[in-house]
Amino acid sequence: MSKTTGVAKKSGLSKDKNWWRQAAIYQIYPRSFADSNGDGIGDLQGIISRIPYLKSLSLDAVWLSPFYPSALADGGYDVDDYRDVDPKLGTLADFDQMLKELHKIGIRVFVDIVPNHSSNLHIWFKEAIAAAPGSKARSRYIFRDGRGINGELPPTDWVSHFAPSAWTHESKMGGKHNQWYMHWFAPEQPDFDWDNPEVEKEFLKTLKFWSDRGVDGFRIDVAHALKKDLSEPLRNLDVFEDLPERGNKGKGILADRDEVFKIYKGWRKLFDQYDPPRVAVAEANVHSNRLPLYASTKTLGQCFDFRFIDTPFEASAYKTNVQDALALAAKNKSSSTWTISNHDQIRHATKMGLNPAVDRRSWMLSNGTSHPLDMKSGSQNALAATLFLLALPGCTYMYQGEELGLHEVTDIPESQIQDPQYLKNNKIEKGRDGCRVPLPWTSSGSSFGFGSGGAHLPQPQWFADYSVEKEEKDPLSALSIYRKALELRKKLVTKEEIKWHKTNDLSVLHFSRPNGWHCITNFRAAAYPMPKGEILITSHPLVQGKIPAGTTVWFTKK
Ligand code: NOJ
Ligand code: CA
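Being a predicted model, the structure only gives us computed values, none of them experimental. (Residues numbered from 1 in each chain as written. Chains lettered and ligands numbered in written order. Predicted model: local features only at pLDDT ≥ 70, side-chain atom pairs only at ≥ 80, totals over all residues. Heavy atoms only, no water.)

Some remarks on the overall build of the protein chain
How we decide: Here a helix means four or more residues in a row that DSSP labels H or I, a strand means two or more in a row labelled E, and each is numbered from the N terminus. Burial classes: relative accessible area under 20% of the type maximum marks a residue as buried, over 50% as exposed, and values in between as partly exposed (1.4 Å probe, protein chains only). We call two residues contacting when some pair of their heavy atoms lies within 4.5 Å. Residues scored as positive are Lys and Arg, those scored as negative are Asp and Glu, and His as well as the terminal groups of each chain are ignored. Where a charge lies is defined by one atom per residue type, namely NZ (Lys), CZ (Arg), CG (Asp) and CD (Glu).
For the protein chain, the count of helices and strands is 15 helices and 18 strands. Of all 558 residues assigned to the protein chain, the portion counted as buried reaches 61%. Taking the contacts inside the protein chain whose residues are at least 6 apart along the sequence as the reference set, 68% of them involve residues at least 24 apart. Here the protein chain carries 71 positive and 67 negative side-chain charges, and the mean point of each set is 7 Å from the other.

Topic: the pattern of salt bridges
Side-chain pairing between opposite charges can occur once the charged atoms of the two side chains come close. Selection criterion: A carboxyl oxygen of Asp or Glu within 4 Å of a side-chain nitrogen of Lys or Arg is what we treat as a salt bridge.
The full count for this structure, using the stated rule, is 37 salt bridges. For the salt bridge of E283 with R219, the shortest nitrogen-to-oxygen distance reads 3.6 Å. Of this pair, E283 sits in the loop between β8 (279-282) and α8 (291-295) while R219 sits in strand β7 (residues 217-220), and the two are 64 residues apart along the sequence. The class for E283 is buried, based on a relative accessible area of 16%. One salt bridge in this structure joins R432 and D419, with 2.7 Å as the shortest N-O distance. With R432 in the loop between α13 (420-423) and α14 (468-472) and D419 in the loop between β11 (395-399) and α13, this residue pair connects regions lying 13 residues apart in the sequence. On the basis of relative accessibility, which here comes to 8%, the residue R432 falls in the buried class. You can call D419 buried: its relative accessible area is 1%.

Details of helix α9 (residues 315-331)
The criterion, for reference: Any helix carries an expected span of 1.5 Å times its number of residues minus one. This arc corresponds to the set of directions leading from the helix axis out to the C-beta atoms.
Taking 1.5 Å of rise per residue, 17 residues should cover 24 Å, and α9 covers 25 Å from first to last C-alpha, within 8% of that figure. Within α9, burial applies to A315, A317, Y318, N321, V322, A325, L328 and A329. The arc enclosing the buried residues of α9, seen along the axis, measures out at 165°, which places them on a common side. Summarising the geometry of α9, the exposed residues directed more than 90 degrees from the buried face are A330 and K331. On its buried face, α9 sits against α8, β10 (337-339), α12 (375-390), β12 (499-501) and β13 (508-512). Positive phi appears at K333, one or two residues downstream of α9, with a value of about 55°.

Brief notes about the sheet that holds strand β3 (residues 108-113)
The line we're drawing: Any two strands with at least two DSSP-identified bridges between them are counted as paired. For every element, the axis is a line fit to its C-alpha atoms; helices are fit only across the contacting stretch, and the angle between N-to-C directions ranges from 0 to 180 degrees.
If you trace the eight strands from one edge of the open sheet to the other, you get β9-β8-β7-β3-β2-β1-β11-β10, paired in parallel fashion. Of all the strands in the sheet, just β9 (301-303) and β10 have a single pairing partner and so form its edges. Between one strand axis and the next, the sheet turns by 25° as a mean value, whatever way the strands run. Across four bridges, the pairing between β7 and β8 is parallel. Counted as the bridge partner of R219 is V281 from β8. Contacts from helix α6 (residues 197-213) reach β3 and β7 within the one sheet, and its direction differs from that of β3 by about 160°.

Focus: the coordination of the calcium ion (ligand 2)
The cut-off we apply is this: With water omitted from the atoms examined, metal sites may look incomplete; donors here are N, O and S atoms no farther than 2.8 Å from the metal, or 3.2 Å in the case of Na, K and Ca.
Protein ligation of the calcium ion (ligand 2) involves D35 (OD), N37 (OD1), D39 (OD), I41 (O) and D43 (OD), the donor distances falling in the range 2.2 to 2.3 Å. In primary-sequence terms, the residues that donate to the calcium ion (ligand 2) follow D-x1-N-x1-D-x1-I-x1-D.

Observations regarding the site of ligand 1
Here is the rule we go by: Throughout this document, a residue counts as near a molecule or strand when at least one of its heavy atoms sits within 4 Å of that molecule or strand. Any N or O atom pair separated by 3.5 Å or less is treated as a polar contact, with the protein-specific requirement of one donor-capable and one acceptor-capable atom, and with residues adjacent in sequence counted only for side-chain atom pairs. Here the accessible surface of atoms and residues is derived via Shrake-Rupley with a 1.4 Å probe, and residues count as covered only by protein chains that are part of the display.
Residues in close proximity to ligand 1 total 14 residues, the closest being D74, H117, D221, H343 and D344. In the environment of ligand 1, an oxygen atom lies 3.0 Å from a nitrogen or oxygen atom belonging to the side chain of R432. Considered on its own, ligand 1 offers 300 Å² of accessible surface; in the complex 97% of this is hidden by protein.

Re the sheet that holds strand β4 (residues 143-145)
Sheet architecture is open: three strands sit in the order β4-β6-β5, paired in antiparallel fashion. The outermost strands of the open sheet, each flanked by one partner alone, are β4 and β5 (167-169). On average, each strand axis in the sheet is inclined to that of its neighbour by 35°, with strand direction left out of account. Here β5 pairs with strand β6 (residues 179-182) via three bridges, running antiparallel.

Considerations on the confidence of the model for the protein chain
What counts here: Confidence of the prediction at every residue is given by pLDDT, a number between 0 and 100.
Residues of the protein chain with pLDDT of at least 70 account for 97%, and the chain-wide mean is 95. The low-confidence segment residues 1-9 (pLDDT under 50) makes 17 contacts with residues lying over four places distant or belonging to another chain.

Digging into the packing of α6 against helix α7 (residues 260-271)
We apply this condition: The labels follow the angle: roughly parallel below 35 degrees, roughly antiparallel above 145, roughly perpendicular from 65 to 115, and oblique for the rest. Handedness of a crossing follows from how the near helix is turned relative to the far one, being left-handed for an anticlockwise turn of less than a right angle and right-handed for a clockwise one. Each residue is assigned to one of three groups, with Ala, Val, Leu, Ile, Met, Phe, Trp, Tyr, Cys and Pro labelled nonpolar, Asp, Glu, Lys and Arg labelled charged, and all others, Gly among them, labelled polar.
With their axes 11 Å apart at the nearest point, α6 and α7 run at an angle of 30° to one another. The orientation of α6 relative to α7 falls into the category roughly parallel. For α6 against α7, the interelement crossing comes out right-handed. On α7, the residues that touch E200, F203, L204, L207 and K208 of α6 are I263, G266, W267, L270 and F271. Within the contact of α6 with α7, the residues separate by chemical class into seven nonpolar, one polar and two charged.

Remarks on α6
Here α6 is 17 residues long and its end C-alpha atoms lie 25 Å apart, about the 24 Å a rise of 1.5 Å per residue gives. Every buried residue of α6 is listed here: V199, E202, F203, T206, L207, W210 and S211. Close packing links the buried residues of α6 with α4 (92-104), β3, α5 (123-130), β7 and α7. The N-cap residue of α6 is N196: its side-chain oxygen and the backbone nitrogen of E198 are 2.9 Å apart. Where α6 terminates, the next one or two residues include G214, which has phi positive at roughly 110°.

Written out as structure tokens, the structure is:
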């Protein structure tokens, strides 16, 4: 096994093996970040051209959503080849250049690994469809005969996130036999059979491929679903098992089975052969009691904690969340992962500008017209929430555009929707395109500076007010506050401990860290007196020396 200490020496990266514990990590959705060649699709040279911008955010790492060859049935989470770059996005040489330049300025890189399913265009699936039932090629996926006299019914009633059935007849993909294959997501995303050791071997090869190139970490897509109970006869189950509130104690049919940890123990062995060890973060939509198993130092090491994504901006809920998440992370000596937005979620500025009683799914289906959105207070609350999270012990994952206070684009015309969550799911959800609209870099010009040839998803006119160009000039903009907070955070990060302080209002939370770094947030109360201390940053200006609602302040106290 090759050791890649050389990479760390030549770069601006710290030697700290624990760099990931309290990192500020920024998610790039490559197709929507920056387009270097004017084809409307973001690419790796686009990212390279924006390295000064990434530097200005004082990040510890970036995580890139998939940039692999893909027909984009699911925004790149349908991977044709795990060890290459989509020609529309660049080449492996571009990737190496990007990695080197990011490392030079001290930013590490996570890539996204999608091990539950490939795309239907992956060489293995093409071979499987062309092969006969019972063949070696088919055994890498989950092919089964159907029910009914002629096998005309799917083998079980399993549901897919996007389909509605989790089974598609092979004839739809050009197969000449009478079998069905299983997919937990779109029909173009066939699930691997992880009971087949060949699959395990193949992914170790992929992880080694990127680790040898110098990649620092991996974000593991649907990490809970690899192992399934495929013993015959298959059991029926017509609901989703991955809902966090269900909790199947490791014995489910399609998700969160205890056997999955054996796979991750094997990955850990590989990660630990590098210096510094490669790291990973699991996307596991499971009961919170199960999260420590994915975040164990013997398995993936870290796991997303999604609890803030659906928490209303409200003091008691925030405090309970923090206490629960810290206790969970401590169980496995991992660190907490604060995240409030990503490429699958309605942007949090928008959630926080809507009346919490509004049903967001129907609001999105109404193109954001059924209820009013208060964009200003949404952006203000979002910034207060971010400063709150950034001051906590642990890691913060941010999603591109949130540093601009960007809102969801709610009115993408039906003809331009790309997301299978809408297209293949009986149109019951508007889908996730609204948070994936290319970023506004300038306030005018072709695609607001995203590229010279338009944008693959339509950008609304109001993007002009949220552009990097405009916000850079305004010291009170979301961008300026993110920049300042992230720079301060680099210096302030200290032991992973927190102490709560009493406040005189239930809607105000105040905590501090062992080095005297204090954070106070007024969620919804009347203007609250500012405690004594030296103010470092405020997410919104104080009013006559008091903290207005929707504001976080960092300060130090001797
Ligand atoms: C989770 C990813 O974040 C999402 O974008 C994708 O659609 C599914 N996994 C399937 O890969
Ligand atoms: Ca491009």
